[in-house]
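One letter stands for each residue in the lines below.
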Amino acid sequence: MTVKEVTVGIDIGGTNTVFGFIDERGDEIGGGHFPTYADEPPEQLIRRLADAIKSGFMSLEDDQCQLTGIGIGAPNANFHTGTVEHPPNFDWEVVNVVDLMKRHFDLPVVITNDANAAALGEMLYGGAGGMKDFIQITLGTGLGSGLVVDGRIVFGHDGFAGEMGHLTVDPKSDRRCGCGKYGCLETWASATGVARTARQLLEERSDDSLMRLTPRNELTSKGVFLAAEKGDALAREVFEITGSVLGMKLADAVMMLSPEAIFFFGGLARAGSLLLDPARRSMEANLLPIFRGKVRLEVSRLQDRNVAVLGAAALIQSTLRGNA
Ligand SMILES: [Zn+2]
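Residues numbered from 1 in each chain as written. Predicted model: local features only at pLDDT ≥ 70, side-chain atom pairs only at ≥ 80, totals over all residues. Heavy atoms only, no water.

Engineer: Mind showing me how you'd approach the overall build of the chain here?
Structural biologist: Secondary structure assignment for the chain yields 8 helices and 12 strands. Computed over C-alpha atoms, the radius of gyration of the chain comes to 20 Å, within 12% of the 20 Å expected from 2.2 N^0.38 for 324 residues, which places it in the range of a compact globule. Overall, the chain is about 65 × 45 × 35 Å in size when its C-alpha atoms are taken along their principal axes. Counting over 324 residues, the chain shows a buried share of 53%. (Helix = DSSP H or I, 4+ residues; strand = E, 2+ residues; numbered from the N terminus. Rg over C-alpha atoms; globule rule 2.2 N^0.38 Å. Buried < 20%, exposed > 50% of the residue type's maximum accessible area, 1.4 Å probe, protein only.)

Rendered as structure tokens:
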């Protein structure tokens, strides 16, 4: 009987921690989730996680599985040092999550931030198979990005490369970003950015709009999307503005890295062509002619799967293959 090699992918989030056992083909064969309790000491979270992984592994149906390594995705995680540094929404300072995990397992353990993990997931199991140069953008509450150059994630000298969400669009803007700066890309191109643009348009303009049926402070990007899908002109304009700002910064990234494609993942990526068509137009308009018409913008092929867990598993799998 052949032994089946399995890795664990873990996604440590501010609210929930999720893990999955991933086989070599990228299929999830088991897993679990529980609340993170981000105000607890990190040792306690890692102990609960280790216990859950051990009992989850024991209960896998295929008893020929062998655990070969552990990959972790977490906010502000540093691949080089194994640490998570001042993650937003946690009462943690600098915590060496890799060392904590190794107290419980005699296995290789690696960590990176969730956006890099998503890019690796796209490369191993999604639409970027065989690509050596691409960008993966996660459009959630904020904007995360993972850059792949020559088949490798760009971690950078200090381990934090690829923070496209905080590229400056307009330093004079009154849009304050969660990072403290003004006018960062994610204050437009994110779920919260879309809601913000919608509120601004509704205030400045008197056009009729379905969006006016929702109290302004309760308007979400999903509400804007549903209105736009019904043909609401003002809601469509919100996506035009969002796409146009996004495309401008995509052009900057393309001119630096010359990727083959840019993949979009996350709730806002579900807007599909409503967002990607204006983003493409704006990107093309801002590119040097030598780059035009060459970069594909696509919705992630992992959109309906647990990309954070898959990506963390992809990180340890590529590390085991000497590829990360
Ligand atoms: Zn910022």
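Moving on from the coordinates now.
Engineer: Help me out: how do you make sense of the nonpolar core in this one?
Structural biologist: Ranked by internal contacts, the top residues of the largest apolar core, which has 44 residues, are Met211, Leu250, Ile262 and Phe264. Every element with two or more residues in this core is listed here: strand E8 (134–139), strand E9 (143–149), helix H4 (191–204), helix H5 (221–229), helix H6 (233–257), strand E11 (261–265) and helix H7 (273–286). Tallying contributions element by element places H6 first for this core, with 10 residues. With residues near it in sequence (within four places) discarded, Phe264 still touches Ile137, Leu139, Leu246, Leu250, Ala269, Leu276, Leu297, Glu298, Val299 and Ser300. Among the nonpolar cores identified, the runner-up in size contains 33 residues, and Ile53, Ile72, Ala74 and Val95 belong to it. (Core = buried A, V, L, I, M, F, W, Y, C linked by side-chain atoms within 4.5 Å. Contact = heavy atoms within 4.5 Å.)

Engineer: Quick question: what am I supposed to make of the coordination of the zinc ion here?
Structural biologist: For a metal bound by four donors in a tetrahedral arrangement, the ideal donor-metal-donor angle is 109.5 degrees, while six donors in an octahedral arrangement ideally sit at 90 or 180 degrees. For the zinc ion, the protein coordination sphere consists of His166 (ND1), Cys177 (SG), Cys179 (SG) and Cys184 (SG), at 2.0 to 2.4 Å. Geometry at the zinc ion is tetrahedral, judged from its 4 donor atoms and the angles of 105 to 122° they form at the metal. Counting residues between consecutive donors of the zinc ion along the chain gives the motif H-x10-C-x1-C-x4-C. Placement of the pair is His166 in the loop between strand E10 (152–153) and H4 and Cys179 in the loop between E10 and H4, with a sequence separation of 13 residues. A relative accessible area of 24% places His166 in the partly exposed class. (Donors = N, O, S within 2.8 Å, 3.2 Å for Na, K, Ca; no water. Tetrahedral: all angles 85-135°; square planar, octahedral: opposite > 155°, others 65-115°.)

Engineer: Would you explain the environment of Leu139 in this entry?
Structural biologist: Looking at the secondary structure, you find Leu139 in strand E8. Its relative accessible area of 1% is what places Leu139 among the buried residues. Taking the C-alpha atoms as reference, Leu139 lies 25 Å from Ser209; in sequence the two are 70 residues apart. Beyond its immediate sequence surroundings of up to four residues, Leu139 is in contact with Ala189, Phe264, Phe265, Gly266, Gly267, Leu268, Ala269 and Leu275.

Engineer: I would appreciate a short explanation of H6 in the present structure.
Structural biologist: Along an α-helix, residues three or four positions apart point the same way, because every turn accommodates 3.6 residues. Between its terminal C-alpha atoms H6 stretches 35 Å, which fits the 36 Å expected from 25 residues at 1.5 Å a residue. Looking one or two residues beyond H6, the residue adopting positive phi is Ser258, at roughly 50°. (Expected span 1.5 Å × (residues − 1).)

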